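These are the residues of each chain, in order.
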Amino acid sequence: VAHFPIEKIRADFPILDQEVNGRPLVYFDNAASTQKPRQVIEAIDQYYSTINSNVHRGVHHLSQKATDAFEASREIVRAHLNAAHSYEVLFTKGTTDSINLVASSLSQGLIKAGDEILVSHLEHHSNIVPWQMLCERTGAQLKVIPMNEKGELVMEDYRQLLNERTRLVAVNHISNALGTINPIAEMTRLAHEAGAWILVDGAQAVPHMKVDVQSLDVDFYCFSGHKLFGPTGIGVLYGKEAILEEMPPYQGGGEMIAEVTFAKTTYAGLPHKFEAGTPHIEGGIVLGTAIDYVNEIGLDAIGAYEQELLQYGTQLLKERFPDLRIFGEAEEKTSVISFLLGSIHPYDTGVILDKLGVAVRTGHHCTQPIMQHFGIPGTIRASFAFYNTKAEIDRLADALEKAQAMLS
Ligand SMILES: Cc1ncc(COP(=O)(O)O)c(CN[C@@H](CS)C(=O)O)c1O
């Protein structure tokens, strides 16, 4: 990508300009959580310095300002996902909370004994365990779409698994452990043909690509703010209006009611039916700032630049380390390289890389079924963002060489 303004972008991220163990930090753990541009950091300060107040209830100036900013951010999220209505955008605590909201609500009568929930072998624990809990509560059955040795879902098996009992397909857009990009539009079409809804876990997709929920025609789509250069503790669940209207509330409390009597309570309309209590006001507002920041650079340019990093890093590591094993070599993948160095335990490598200033993640990445499939304890995962550079990938390779020399 000829003119990607990498130096200007890096100057926006104060945290990147530091040394760790006497060496410049190389932050390659973006799939776990991304760093924040000063525009986001300043927006947090600005909120608490100028308009902090509770939302939706106050009659005073600050409450109105905070409410307007919070709802304006909901509109930024709606436009970013190209949802039809802003009330189809629910603020949650994050991806895990979003998935639990859907599972908890559907388990109150919309999913019954004998129904089937279809997840994939690539799923993060937060898109497996809530569905297991729903199945335990309702008597529904969990089924799993297998993956192949490259870490791609086997679409023929997916077609075979779909049947008239399938009520919901729950899959990630992109695998956090392997980087696989799943064919969501096709999976959605097949799910709908079988009469099933589809929930897409977009945690690893939104930092790397444009997502259009109407074009994909998904029924639910969720992500976390902290993986999109925004605050922790805020996330989004998009749901089609007709389905959200059918679903009972997730939590009871203030905000989500129309009228409370001891005899009976009636609920608020969308989105507030699913937003009980005081929301993460600053997080919701600043998530909008993070989305504006990303869109100013442009997700197409970000995606192209990260693909360059992925190609460069994959080639370099394969050339420098003949006994390197890369897990996840899908035709369509995002900027994640999960690997092992010979028989060296990933944890030991990660500790040495940290001593050399390089931050990666090691372990199962909350995807133990994937590690079981490959028969490994975990991987070393380098996950790139648009503020990383090829020079940092060179640093990773040099550090790996030192780790290999020490641990072999
Ligand atoms: C695909 C996917 N789905 C759900 C989650 C959970 O996101 P929360 O913001 O924690 O709710 C994650 C978070 N994956 C981190 C922590 S395990 C990683 O290191 O890969 C994810 O990658």
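Just so you know, these numbers come straight off a predicted model, no measurement behind them. (Residues numbered from 1 in each chain as written. Predicted model: local features only at pLDDT ≥ 70, side-chain atom pairs only at ≥ 80, totals over all residues. Heavy atoms only, no water.)

Caption draft 1: Looking closely at the sheet that holds strand S14 (residues 336-341). In spatial order, the strands read S13-S14-S17-S16; together these 4 strands make up an open sheet with antiparallel pairing. Because the sheet does not close on itself, it has two edges, and the strands there are strand S13 (324-327) and strand S16 (361-363). Averaged over neighbouring strand pairs, the angle between their axes works out to 30° when direction is ignored. Pairing analysis gives 4 bridges linking S13 to S14, with the strands arranged antiparallel. (Pairing = 2+ DSSP bridges. Helix = DSSP H or I, 4+ residues; strand = E, 2+ residues; numbered from the N terminus. Axes fitted to C-alpha atoms, helices over the stretch in contact; angles between N-to-C directions.)

Caption draft 2: Highlighting the site of the ligand. Not every one of the 16 residues close to the ligand is listed here, only the nearest: Thr96, Asp201, His226, Lys227 and Arg361. Between a nitrogen atom of the ligand and a side-chain N or O atom of His124, the distance comes to 3.5 Å. Across the complex, the protein chains shield 88% of the 520 Å² of accessible surface that the ligand would expose by itself. A class-by-class count of the residues in the shell around the ligand yields 4 nonpolar, 8 polar and 4 charged. Shared between two domains, the shell around the ligand takes at least three residues from each, and those domains are domain 1 (6-30 + 299-407) and domain 2 (41-296). (Near = heavy atom within 4 Å. Polar contact = N/O pair within 3.5 Å; in protein donor to acceptor, adjacent residues only side chain to side chain. Areas by Shrake-Rupley, 256 points an atom, 1.4 Å probe, with all protein chains shown as cover. Nonpolar A, V, L, I, M, F, W, Y, C, P; charged D, E, K, R; others polar. Domains from an automatic or database assignment.)

Caption draft 3: Structural detail: the sheet that holds strand S10 (residues 235-239). One open sheet accounts for 7 strands, arranged S4-S10-S9-S8-S7-S5-S6; its pairing is mixed. A strand with exactly one partner marks an edge of an open sheet, and here the two such strands are strand S4 (89-92) and strand S6 (141-145). Across this sheet, the average inter-strand angle for adjacent strands is 20°, counted without regard to direction. Sheet topology places strand S8 (residues 197-201) next to strand S9 (residues 220-224); 3 bridges connect them, and they run parallel. Across the sheet, residue Leu199 finds its bridge partner in S9, namely Phe220. Where helix H3 (residues 61-81) meets the sheet, its contacts fall on S4, S9 and S10, and the angle it forms with S4 comes to roughly 115°. (Contact = heavy atoms within 4.5 Å.)

Caption draft 4: Structural context of the nonpolar core. Tyr158 and Tyr221 are the most contacted members of the largest nonpolar core, which has 97 residues in total. Examining the composition of this core, we find that 7 residues originate from one element, helix H11 (residues 299-320), more than from any other. For this core, the domains that each give at least three residues are domain 1 (6-30 + 299-407) and domain 2 (41-296). Ignoring sequence-local partners within four residues, the contact set of Tyr158 consists of Leu118, Ile145, Val169, Met187, Leu190 and Ala191. Of all hydrophobic cores here, the second largest spans 26 residues; its members include Ile99, Leu168, Leu244 and Met247. (Core = buried A, V, L, I, M, F, W, Y, C linked by side-chain atoms within 4.5 Å. Buried < 20%, exposed > 50% of the residue type's maximum accessible area, 1.4 Å probe, protein only.)

Caption draft 5: Inspection of the domain arrangement of the protein at higher detail. Domains assigned within the protein are domain 1 (6-30 + 299-407) and domain 2 (41-296). For domain 1 versus domain 2, the separation of C-alpha centres amounts to 29 Å. Listed by partner, the interface residues are 34 residues for domain 1 and 30 residues for domain 2. Buried surface at the junction of domain 1 and domain 2, summed over both partners, amounts to about 2,600 Å²; 61% is from carbon and sulfur atoms. On inspection of domain 1 and its partner domain 2, the count reaches 1 salt bridge. For the salt bridge of Glu331 with Lys150, the shortest nitrogen-to-oxygen distance reads 2.6 Å. The interface formed by domain 1 and domain 2 contains 15 residue pairs in polar contact (both at pLDDT 80 or more). Every element with two or more residues in the side of domain 1 that touches domain 2 is listed here: H11, S14 and helix H13 (368-374). (Buried area = accessible area lost by both parts, 1.4 Å probe. Salt bridge = Lys/Arg side-chain N within 4 Å of Asp/Glu carboxyl O.)

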